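Topology and contacts: notes
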Amino acid sequence: MKLEKKDILGIQDLSVGEINLILATAESFLEISTREIKKVPTLRGKTVINLFFEASTRTRTSFEIAGKRLSADTINISASTSSVVKGETLIDTARNLEAMNPDVIVIRHSAAGAPRLLASLIRQSIINAGDGAHEHPSQALLDMMTIKEKKGAIAGLKVAIIGDIAHSRVARSNIYGLTKMGASVALAGPATMMPRDIEQMGITVHNKMEEAISNADVVMMLRIQLERQKQNIFPSLREYSQHYCLNRRNIALAKKDAIVMHPGPINRGVEISPDIADDPDRSVILDQVNKGVAVRMALLYLLTGGSQ
Amino acid sequence: MKLEKKDILGIQDLSVGEINLILATAESFLEISTREIKKVPTLRGKTVINLFFEASTRTRTSFEIAGKRLSADTINISASTSSVVKGETLIDTARNLEAMNPDVIVIRHSAAGAPRLLASLIRQSIINAGDGAHEHPSQALLDMMTIKEKKGAIAGLKVAIIGDIAHSRVARSNIYGLTKMGASVALAGPATMMPRDIEQMGITVHNKMEEAISNADVVMMLRIQLERQKQNIFPSLREYSQHYCLNRRNIALAKKDAIVMHPGPINRGVEISPDIADDPDRSVILDQVNKGVAVRMALLYLLTGGSQ
Amino acid sequence: MKLEKKDILGIQDLSVGEINLILATAESFLEISTREIKKVPTLRGKTVINLFFEASTRTRTSFEIAGKRLSADTINISASTSSVVKGETLIDTARNLEAMNPDVIVIRHSAAGAPRLLASLIRQSIINAGDGAHEHPSQALLDMMTIKEKKGAIAGLKVAIIGDIAHSRVARSNIYGLTKMGASVALAGPATMMPRDIEQMGITVHNKMEEAISNADVVMMLRIQLERQKQNIFPSLREYSQHYCLNRRNIALAKKDAIVMHPGPINRGVEISPDIADDPDRSVILDQVNKGVAVRMALLYLLTGGSQ
């Protein structure tokens, strides 16, 4: 089966069948990274450009390793958004890259919609590696892959997502994906961090994290953006932690075998206590990172014409 | 035929035969970037270092892609000029790299003459990727390749170059190249942006861009360096644009089939109006970028002993 | 013979046999960098991450070239220490990388002990590429390789090390290595730059550089960190140079065939006069750089299971 898409812009665009195809492909790639020789010639002679307008060590590294293990040529471009202030200029940058004949452009940009704009204008495949507060599809895919591995299936599970929902592309992509796959999603966070009309997405919204966590199979904590403090969205880290830090006490409200997830990098003691982050029975945070390479290999493979 | 040169420091150093050899080699490489597998083993086991003392996304990316499509190992070094204030230190940096046995060092530096200095001291091949206001030979080569493709030949054409000639290494390299290849070159720009004694280079100089463009086969616009405004070289962007922006009105003075070029990145509405930059019948700006990869593949190939 | 070690954290941990194994392996690799095709498939499918928390052009480039010539996939991560202020976060960064299944992580960090901390926590091999004022083992290994090549053997030699001993990881690693290998080491530097109890390391300490240099086979100059001036460790560069700059006059006190070494980058006229740095009969500074690639190839090879 092939993926009948030029681009991966968001989970909102993907059907259940497409998500399953990507996850199955990723599973078949998982084993490559455990081999003695962690490299297959699949994408030899393909060019993958990582075009990052926001700093990101882990996502860029994950895509770069994914490309290299498939034998693609990988090119990193880190551009400061400041030099690309006008939408026109972003388009010109992309058209210039297009003229160098890459196969895939992986883009991270602070502006929601930037990847979709580029995808509509240039002929190569675009992967959205995070655009503003919009979507981060490869993160949601690796999250779903992790949940599926740990829980057997996604349908029927209760997933709690806790934190700054309004500003989180991770939350948004996961809400799209998890509800499509049949999970029920419960959100919790301060009122100032909850998007309006969010209930229309078919999920429940709580102010208290305890209510969202209650009886959950999966607890997904979001990274708090420490710089938001200055914007008066929340009064203090200490107060935030008192209400929204996952710890030994409130995790007990979840199912006995509930798993704990976090997209990283984690703020220990802010949104998650260290003992929970490091709990080998519950925390699957590093499994997520591990799945990330396989998911990105799958995306690069499927977008360049590979079939599963 | 082989290129009997250790380095590519400027178009001024190249004979017509050498330019033709490079362009013919580049043409033969153009097709590789359109293949399903865009890679040939030609430079396997060669090391190409991109040593950039000035930020440059597109030129560095173009050289890196060129190297990788030839299977060379490419290493990027971006050095801030501030840490290399003394000429001595630049030499020490280069000698250190020399000791690591690269095959080609591609260098961009804000000081005119830096690449020539290094070429005289170290045994590996140096490619000048832009030195101050001196030369940018790979840019002029890709420009000539584009003109040749679009116009059949360079000899006999009238090429207008418009803008800040005095501070443009692109203009300088093109003037050397185009006059060698038999084109007539007409320059236009504000008096403060025109080098003295420029007419001695065998070209005509105009104050009004309309005079230079008149009956031209090729109109090459230069990027205006916005930061020069502070140096009082020109009074305001608005006034500059009124006199030196290529638009639908003044392009009508050129030949009916005249092409429009720009080394990028373009300042839309400053030196070129958006409708001209995007005009599919006239603008060859993205063709230039496309040829850039092939030209740089040719330079890397010929300098490492390849023959055409 | 195999290296029975997971990590290379410092010369202090290495036995004489292990040092000899590394040097012999490096010697066998030296020739690869002189070939027409400077690449062997030894580490194909291995992933080497260069994780640099301090800027370093030459060491990073040396490791990257070493990895590529062995056909490893190399990934560069340059992180500012500012974003990794807490030890916890450094650990999280490393655990994240661990989850992506690299084979070797090369780390440079301003905190002494950071590489050892990581090595104790993650399963992959760690190479210390410089940690604070603690150790820089690959530098000492390339220094010993250079000495061995120039002098035939290390045992029995007198090696003078001159400069800011207290803050130099290069000095520390060399002191461990050279004394293990049977050389006698004589140090000289200002009292403020000499660690306390240094004589316990089995070496002689002098205030006057002339005493240390006297009759030496090897004179190793250290780079003065210009930013230390502000910390009142030494009064002025001029005064430092008057007492501790290697020049034509004081080098005459060394053996007639003494060699001059420096880890680079050199401050010409501060700790070494230009004529000495460039003296073809004495200076082996660029030999050191050349050996650096071979030593790093040897470390990557031995840590991934290679045998000599």
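Quick look at the structure, then.

About the cut-offs
- Residues numbered from 1 in each chain as written.
- Chains lettered and ligands numbered in written order.
- Predicted model: local features only at pLDDT ≥ 70, side-chain atom pairs only at ≥ 80, totals over all residues.
- Heavy atoms only, no water.
- Helix = DSSP H or I, 4+ residues; strand = E, 2+ residues; numbered from the N terminus.
- Rg over C-alpha atoms; globule rule 2.2 N^0.38 Å.
- Buried < 20%, exposed > 50% of the residue type's maximum accessible area, 1.4 Å probe, protein only.
- Contact = heavy atoms within 4.5 Å.
- Areas by Shrake-Rupley, 256 points an atom, 1.4 Å probe, with all protein chains shown as cover.
- Lys, Arg positive; Asp, Glu negative; His and termini not counted.
- Charge placed at Lys NZ, Arg CZ, Asp CG, Glu CD.
- Pairing = 2+ DSSP bridges.
- Axes fitted to C-alpha atoms, helices over the stretch in contact; angles between N-to-C directions.
- Buried area = accessible area lost by both parts, 1.4 Å probe.
- Salt bridge = Lys/Arg side-chain N within 4 Å of Asp/Glu carboxyl O.
- Polar contact = N/O pair within 3.5 Å; in protein donor to acceptor, adjacent residues only side chain to side chain.
- Nonpolar A, V, L, I, M, F, W, Y, C, P; charged D, E, K, R; others polar.
- Parallel < 35°, antiparallel > 145°, perpendicular 65-115°, else oblique.
- Left-handed = near helix turned anticlockwise from the far one by under 90°.
- Least-squares fit on C-alpha atoms with pLDDT ≥ 70 in both.
- Arc of directions from axis to C-beta.
- Phe/Tyr/Trp six-rings, centres within 6.5 Å; stacked < 30°, edge-to-face > 60°.
- Lys NZ or Arg CZ within 6 Å of the ring centre and 35° of its normal.
- Right-handed = clockwise from strand over helix to strand, strands pointing away.

The next subject is the overall build of chain A. For chain A, the count of helices and strands is 11 helices and nine strands. Taking 19 Å as the expected radius of gyration for a compact globule of 308 residues, we find that chain A reaches 19 Å, a close match to that expectation. Structurally, chain A occupies a C-alpha span of about 55 × 45 × 35 Å along its principal axes. For chain A, the residues scored as buried account for 63% of the 308 residues in total. A sequence separation of at least 24 residues applies to 74% of the contacts in chain A between residues at least 6 apart. When the accessible area of chain A is evaluated, it comes to approximately 11200 Å², of which 50% is carbon and sulfur surface. In chain A, 38 positive and 33 negative side-chain charges are present, and the distance between their average locations comes to 2 Å.

All right, on to the pairing of strand β8 (residues 218–221) of chain A then. All names here are of chain A. Burial of β8 is two-sided: the residues V218 and M220 facing one way and the residues V219 and M221 facing the other way are all buried. As judged from the four bridges shared by strand β5 (residues 158–162) and β8, these two strands associate in the parallel manner. The residue bridging I161 from the neighbouring strand is M220, located in β8. As paired strands, β8 and strand β9 (residues 259–261) are joined by three bridges and run parallel to one another. Paired with V219 across the two strands is V260, which belongs to β9.

This part is about the sheet that holds β5 of chain A. Residues and elements named next belong to chain A. Here five strands make up an open sheet; going across it, the order is β7-β6-β5-β8-β9 and the pairing parallel. Since the sheet does not close on itself, it has two edges, and those belong to β7 (204–206) and β9, each with one partner. Adjacent strand axes in the sheet meet at a mean angle of 20 degrees, parallel and antiparallel pairs treated alike. As judged from the three bridges shared by strand β6 (residues 184–188) and β7, these two strands associate in the parallel manner. Among the inter-strand pairings, A186 is bridged to a residue of β7, identified as T204. Packed onto the sheet, helix α5 (residues 137–151) meets β8 and β9 and runs at close to 170 degrees relative to β9.

It is worth spelling out the interface of chain A and chain C at this point. Tallying the contact residues gives 22 residues for chain A and 21 residues for chain C. Taken over both partners, the interface formed by chain A and chain C buries close to 2100 Å², and the fraction arising from carbon and sulfur atoms is 51%. Broken down residue by residue, the surface that chain A buries against chain C is led by K38, R268 and L286 of chain A, which jointly contribute 23%. Here D103 of chain C and K38 of chain A are joined by a salt bridge, their closest N and O atoms 2.6 Å apart. For the pair chain A and chain C, the number of links is 12 residue pairs in polar contact (both at pLDDT 80 or more). Looking at the side of chain A that touches chain C, the elements with two or more residues in it are α2 (57–69) and α11 (285–303) of chain A. The greatest single-element share of the side of chain A that touches chain C, amounting to nine residues, is contributed by α2 of chain A. When the residues that make up the side of chain A that touches chain C are grouped by side-chain class, the tally is seven nonpolar, five polar and 10 charged.

Residue and element names in this part refer to chain B. Packing of helix α2 (residues 57–69) against helix α11 (residues 285–303) leaves a shortest axis separation of 8 Å and a crossing angle of 60 degrees. Here α2 is positioned oblique relative to α11, judged by the angle of their axes. The element α2 and its partner α11 pack so that their crossing is right-handed. Taken together, the residues of α11 that come into contact with α2 (itself represented by T59, S62, F63, I65, A66, G67 and R69) are G292, V293, R296, M297 and L300. Here the residues of the contact of α2 with α11 are counted per class, giving six nonpolar, four polar and two charged.

Whether parallel or antiparallel, the strands of a sheet pair through hydrogen bonds between backbone atoms. Strand order in this open sheet of four strands is β2-β1-β3-β4 (chain C), and the pairing throughout is parallel. On the outer flanks of this sheet lie β2 (73–78) and β4 (125–131) of chain C, each paired with one strand and no other. The average undirected angle you get between the axes of adjacent strands in this sheet is 15 degrees. Sheet analysis places strand β1 (residues 47–52) of chain C next to strand β3 (residues 104–109) of chain C, joined by five bridges and oriented parallel. Following the sheet pairing, I49 of chain C is matched in β3 of chain C by I105 of chain C. Along the sheet, α2 of chain A makes contact with β1 and β2 of chain C, crossing β2 of chain C at roughly 170 degrees.

Further remarks concern the relation of the copies chain A and chain C. Overlay of chain A on chain C (RMSD 0.0 Å): rotation 120 degrees, translation along the axis 0.0 Å. Expressed as an axis order, the relation between the two copies is that of a three-fold axis.

Spacing of three or four residues puts side chains on the same side of an α-helix, whose turn is 3.6 residues. Buried within helix α4 (residues 114–121) of chain C we find A114, P115, L118 and A119 of chain C. Looking straight down α4 of chain C, one finds that the buried residues subtend no more than 135 degrees of arc, so they occupy a single side.

With that settled, the discussion passes to the interface of chain B and chain A. Contacts between chain B and chain A engage 22 residues on the former and 21 residues on the latter. Regarding the contact of chain B and chain A, the summed buried area is about 2100 Å², with carbon and sulfur atoms giving 50% of it. Considering only the surface of chain B that becomes buried against chain A, K38, R268 and L286 of chain B emerge as the three largest contributors, covering 24% of it. Applying the counting criterion to the chain B and chain A interface returns four salt bridges. Among the salt bridges present, the one from E36 of chain B reaches K46 of chain A, with a minimum N-O distance of 3.0 Å. For the pair chain B and chain A, the number of links is 12 residue pairs in polar contact (both at pLDDT 80 or more). Contributions of two or more residues to the side of chain B that touches chain A are made by α2 and α11 of chain B.

The next subject is the packing of aromatic side chains. Residues and elements named next belong to chain A. For the structure on display, the rule yields six aromatic pairs over all chains. Between Y240 and Y244, the aromatic rings sit 5.4 Å apart at their centres with planes inclined by 35 degrees, giving tilted as the arrangement. Here Y244 and Y240 lie together in helix α8 (residues 237–244), a separation of four residues that amounts to about one turn. Here the guanidinium or amino end of R296 rests over the ring plane of F63, the centre of that ring lying 5.0 Å away.

Before going further, it helps to spend a moment on the side chain of S33 of chain A. Turning to its location among the elements, S33 of chain A is positioned in the loop between α1 (16–30) and β1 (47–52). In this structure, S33 of chain A is in contact with K38, R69, V293 and M297 of chain A together with N101 of chain C, ignoring residues within four places of it in sequence.

Residues and elements named next belong to chain B. Note that the residue after G264, namely P265, is joined by a cis bond; omega there is -10 degrees. Structurally, P265 is set in the loop between β9 (259–261) and α10 (274–277). A positive phi angle, near 60 degrees, is found at N101, a position not held by glycine. As for its placement among the helices and strands, N101 is situated in the loop between α3 (87–99) and β3 (104–109).

Another aspect to go through is the pairing of β4 of chain C. All names here are of chain C. Counted residue by residue, β4 has seven buried out of seven residues, so it is predominantly covered. Two strands pair when backbone bridges link them, and β3 and β4 are joined in this way by five bridges, in the parallel orientation. Across the sheet, the residue bridging to I107 is N128, located in β4. Following the chain from β3 across α4 to the adjacent parallel β4, one finds a crossover that is right-handed.

Residue and element names in this part refer to chain B. Considered for burial, the residues of helix α8 (residues 237–244) that qualify are Y240, S241 and Y244. Buried positions in α8, seen along its axis, are confined to an arc of 95 degrees and lie on one side of it. Facing away from the buried side of α8 by more than 90 degrees, the exposed set consists of R238 and Q242. Residues of α8 that are buried make contact with β5 (158–162), β6 (184–188), α7 (209–213) and β8 (218–221).

The values are spatial; any link to function lies outside them.
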